[in-house]
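Now for the letters of each chain:
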Amino acid sequence: MDSDTPTPAKSTALGSVTYFDGTSSRRRMVTLRFADRLEIDEGEQTLAAWTYADVRRADSPAGVLRLSCLTAPALARLEIRDKELANELVSRCTNIDDHMIGRRGVAAIVGWSLAAAASIVAVVLFGLPLAADRLTPLVPEAFERRFGDVADSQVKTMFDAKVCDNAAGQKAFTKLMTALRESAGLDTSVQSGVLSSSVPNAFALPGGKVYLFNGLLAKAENADEIAGVLAHELGHLKHRDSMRAMIHNGGTSFLIGLLFGDITGSSALIFGSRTLVTSSHSREAETDADSFAIDVMHRLGRPAKPTGELLLRVTGKEGKGLSIISTHPLSEDRLARMSRQDPPASGPPLLTSEEWKALKSICSAKI
């Protein structure tokens, strides 16, 4: 042997190195030999040889150096508790921390995460409304009706509401809705009802469903006030605003769920159904529905002003608490608009005094 050739050093730290071969759970007590490669010996047998450049640090508890190797089985590990031996090995493995995330890596991850979050926010604010506008006309009416049936059951469950069915009250409500539906140019597929909830609200669902909460009916003083609200909701049906809102709000819920861990988007439909009642439509959709309601009432020869008076009475000057005005100008502005555009009443009352009394008591067992 050439005297200039160094003799490979063999570690004498017997019993201080534990080896797992990655193919079984057996724990082996081994000796390390620092040659051209890291040799892992058990007695006279060499179990493995790792190239220093392929050795990587693995997660480990304090006081233990745990190592893996890129060319070894994925679960193969060395565990070294001898500090001097660990330092010697680390000095030979120049790439030992190449896979670890440094400050630049953390900054990159944070940067990309923020960029992803910003992208989702941009889609929610700009992409989804545009997509909803484009997709709504393409949704088949049969599918929209099935979608509405699902939303219908969810809304009734959320508000613990049942359809009021007092016979005299239902007869008066049907008369009122028929007059409004015909004036609005809608067919008999429109379904409507009064729900036993104290919430002062009215809303439309996809597929041609309009509901009035008894809480709003209780605050009304005449049939024209309620008729204008129902005409407003028929406007949403005519323009398919409810389907558009479901696409938008359901998509928003899915993306927010994706951002915060709900990767299935399981809350999307529930969120969409709830927002049909609690947050309603865009400002433009609400304004168009107001215009539709004014036209319907005027075709019937009835004033639209009472509807504005009802909304102002329920919500107050700040316009809070009623979904059909949540994205609309303040209630006093709506009242001013409805009053300004009102011609004198030229048609007969939509309900007689007795019919109005019956409608007000539709959720009662007896009148």
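In this text the structure is predicted, and so the values were computed from the model without any measurement.

Caption draft 1: Expanded view of the state of the cysteines. Tallied over the full model, the rule gives 1 disulfide. Note on Cys69: no disulfide assigned, nearest cysteine sulfur contributed by Cys93 at a separation of 9.0 Å. When its relative accessible area of 6% is taken as the criterion, Cys69 is described as buried.

Caption draft 2: Structural context of the pattern of salt bridges. All told, the structure shown has 16 salt bridges when counted by the stated rule. One salt bridge in this structure joins Asp97 and Arg57, with 2.7 Å as the shortest N-O distance. With a gap of 40 residues between them, Asp97 in the loop between helix 1 (83-92) and helix 2 (103-135) and Arg57 in strand 6 (residues 55-58) connect regions that are remote in the sequence. Exposure remark for Arg57: the relative accessible area of 27% places this residue in the partly exposed category. Here Glu355 ties to Lys175 by a salt bridge, and the two come within 2.8 Å at their closest N and O atoms. Here Lys175 lies in helix 4 (residues 167-184) and Glu355 lies in helix 12 (residues 353-360), a separation of 180 residues in the sequence. Of the residues examined, Glu355 reaches a relative accessible area of 23% and is grouped as partly exposed. A single network of salt bridges, built from pairs that share partners, joins Asp149, Asp152, Lys156 and Lys209.

Caption draft 3: How the structure looks around the environment of Phe34. Along the polypeptide, Phe34 turns up in strand 3 (residues 28-34). C-alpha separation for the pair Phe34 and Leu89, spaced 55 residues apart in sequence, amounts to 8.2 Å.

Caption draft 4: Seen up close, the sheet that holds strand 9 (residues 191-195). If you trace the 3 strands from one edge of the open sheet to the other, you get 9-11-10, paired in mixed fashion. Unpaired on one side and paired on the other, strand 9 and strand 10 (202-205) mark the two borders of the sheet. Each adjacent strand pair in this sheet contributes to an overall mean axis angle of 20°, direction not counted. Of the pairings in the sheet, the one linking strand 9 to strand 11 (residues 209-213) comprises 5 bridges and is parallel in character. Across the sheet, the residue bridging to Leu195 is Phe213, located in strand 11.

Caption draft 5: Main features of the environment of Val296. Of note, Val296 is situated in helix 9 (residues 283-299). A relative accessible area of 0% means that Val296 is categorised as buried. Separated by 116 residues in sequence, Val296 and Leu180 have C-alpha atoms that sit 6.9 Å apart. Once residues within four sequence positions are removed from consideration, Val296 is found in contact with Leu180, Ser183, Ala184 and Ala231.

So, how was this worked out
Residues numbered from 1 in each chain as written. Predicted model: local features only at pLDDT ≥ 70, side-chain atom pairs only at ≥ 80, totals over all residues. Heavy atoms only, no water. Disulfide = S-S within 2.5 Å. Buried < 20%, exposed > 50% of the residue type's maximum accessible area, 1.4 Å probe, protein only. Salt bridge = Lys/Arg side-chain N within 4 Å of Asp/Glu carboxyl O. Helix = DSSP H or I, 4+ residues; strand = E, 2+ residues; numbered from the N terminus. Pairing = 2+ DSSP bridges. Axes fitted to C-alpha atoms, helices over the stretch in contact; angles between N-to-C directions. Contact = heavy atoms within 4.5 Å.

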